[in-house]
Amino acid sequence: MESSIMELLNSFAHQPIAVYLAIFLFMYASSFGVPIPEEVVLLSVGFLAYMAAHPELFPPEIPGAAGVNIHVAAWVCFVAVLSSDLLVYLLGRRFGPRILAWRPVRSVLNDERRAKVERWTLKLGPFASGVFRFTPGIRFPGHLSCGILGVPLHMFLLVDGFAALVSVPTQVYLVGFYGKEILAIIRTYQPYVLALAVVFIAFYFRGALLSLVRSKAT
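Everything numeric here is computed off the predicted structure, so don't read it as measured data.

Calculation notes
- Residues numbered from 1 in each chain as written.
- Predicted model: local features only at pLDDT ≥ 70, side-chain atom pairs only at ≥ 80, totals over all residues.
- Heavy atoms only, no water.
- Helix = DSSP H or I, 4+ residues; strand = E, 2+ residues; numbered from the N terminus.
- Buried < 20%, exposed > 50% of the residue type's maximum accessible area, 1.4 Å probe, protein only.
- Contact = heavy atoms within 4.5 Å.
- Areas by Shrake-Rupley, 256 points an atom, 1.4 Å probe, with all protein chains shown as cover.
- Axes fitted to C-alpha atoms, helices over the stretch in contact; angles between N-to-C directions.
- Parallel < 35°, antiparallel > 145°, perpendicular 65-115°, else oblique.
- Left-handed = near helix turned anticlockwise from the far one by under 90°.
- Nonpolar A, V, L, I, M, F, W, Y, C, P; charged D, E, K, R; others polar.
- Phe/Tyr/Trp six-rings, centres within 6.5 Å; stacked < 30°, edge-to-face > 60°.
- Lys NZ or Arg CZ within 6 Å of the ring centre and 35° of its normal.
- Patch = residues over 30% accessible without salt bridge, like charges linked within 9 Å, V, L, I, M, F, W, Y side chains within 5 Å.
- Salt bridge = Lys/Arg side-chain N within 4 Å of Asp/Glu carboxyl O.

(A) The arrangement of the overall build of the chain in detail. What the chain contains, in helices and strands, is eleven helices and zero strands. Of the regular secondary structure in the chain, the N- to C-terminal order runs α-α-α-α-α-α-α-α-α-α-α. Going through the 218 residues of the chain one by one, you find that 41% of them count as buried. Relative to all contacts within the chain whose residues are 6 or more apart in sequence, the contacts with residues 24 or more apart total 80%. In the structure as shown, the chain presents an accessible area of about 12,300 Å², 71% of it carried by carbon and sulfur atoms.

(B) Region of the structure containing the packing of helix α4 (residues 70-95) against helix α9 (residues 139-148). It is the contact of α4 with α9, at a shortest axis distance of 6 Å, that shows an interaxial angle of 45 degrees. Relative to α9, the element α4 lies oblique. As α4 packs across α9, the resulting crossing turns out to be right-handed. From α4, Asp85, Val88, Tyr89, Leu91, Gly92 and Arg93 reach across to α9, where they touch Phe140, His143, Leu144, Cys146, Gly147 and Ile148. Residues that form the contact of α4 with α9 fall into these classes: seven nonpolar, three polar and two charged.

(C) Geometry of the packing of aromatic side chains. Scanning the model with the defined rule gives nine aromatic pairs in all. When the centroid spacing of 6.4 Å and the interplanar angle of 75 degrees are considered together, the rings of Phe47 and Phe58 count as edge-to-face. Taken together, the residues Phe47 in helix α3 (residues 38-53) and Phe58 in the loop between α3 and α4 connect sequence positions eleven residues apart. Taken individually, Phe47 and Phe58 each receive the classification buried, so the pair is uniform in this respect. Considering the side-chain rings of Tyr173 and Phe177, the 5.7 Å spacing of their centres and the 10 degrees angle between planes classify their relative orientation as stacked. Remark: Phe177 and Tyr173 occur in helix α10 (residues 153-188); sequence separation between them is four residues, near one turn of the helix. Site record: aromatic cluster; members linked through ring pairs are Phe47, Tyr50 and Phe58. Positioned above the aromatic ring of Phe95 is the side chain of Arg94, whose terminal nitrogen or guanidinium carbon lies 5.2 Å from the ring centre.

(D) The arrangement of a nonpolar patch on the surface in detail. Together, Leu90, Leu153 and Leu157 line one region of the surface with nonpolar side chains, adding up to about 210 Å² of accessible area. Relative to the helices and strands, Leu153 resides in helix α10. A relative accessible area of 35% means that Leu153 is categorised as partly exposed.

(E) Quick look at the pattern of salt bridges. As enumerated under the stated definition, the model contains five salt bridges in all. Across the pair Arg133 and Glu38 runs a salt bridge whose closest N-O atoms are separated by 2.7 Å. Separated by 95 residues along the polypeptide, Arg133 in helix α8 (residues 128-133) and Glu38 in helix α3 bring together distant segments of the chain. Pair check on accessibility: Arg133 and Glu38 agree, each one buried. Across the pair Arg133 and Asp85 runs a salt bridge, and its minimum N-O distance is 2.9 Å. With a gap of 48 residues between them, Arg133 in helix α8 and Asp85 in helix α4 connect regions that are remote in the sequence. Among the residues examined, Arg133 registers a relative accessible area of 1% and is labelled buried.

(F) Structural context of the packing of α3 against α4. Following both chains from N to C, one finds α3 and α4 inclined at 160 degrees, their axes separated by 9 Å at the closest point. Between α3 and α4, the angle falls in the class roughly antiparallel. Every pair of crossing elements has a handedness; the one defined by α3 and α4 is right-handed. Taken together, the residues of α4 that come into contact with α3 (itself represented by Glu38, Leu42, Val45 and Ala49) are Ile70, Ala73, Cys77 and Val81. Of the residues in the contact of α3 with α4, the class split is seven nonpolar, no polar and one charged.

Structural data, given as structure tokens:
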């Protein structure tokens, strides 16, 4: 199983254009509430960059093939994250309450969650966008709320951009530079890692599932 997974990852590690495009696809989907953990994408990209940088450990199918560059990947991730957050904000600012009546939005932004993110936004102002950036599960409703409630564009970009700059490239670089050590830890403590992964996935999907159940009930 491990060998098959490594072979699959290695094939993507030497398809940089496809990986960079996939980063935008996954980050935009995540920003719009699709349950794709952003952190998992970032760590996976970092590991692909690590594999591409060590052909002696992970030889490409075609000798000399170009691989995912860690610096390019880190900044592609940053641009994808910030631009997707900005798009959600602009949709909230442009369409306001009308977008809340759209059924796909209501499925992830029920009245309880909407009231919660609005309280945070009114209390923290532009700094709320930074809080939402570090809070999986409410990034989409949070950034949408920033637009609806009129957080200034320059302040949203400043706060959210700084938060993304701190959190996004660092995760890619961490795995990209220390992939060997991280892989060794995973192999040593595999049962515990799997248990933590299950807990993380359950926690991440819990909000989406609860929202879906409540929307069906109403």
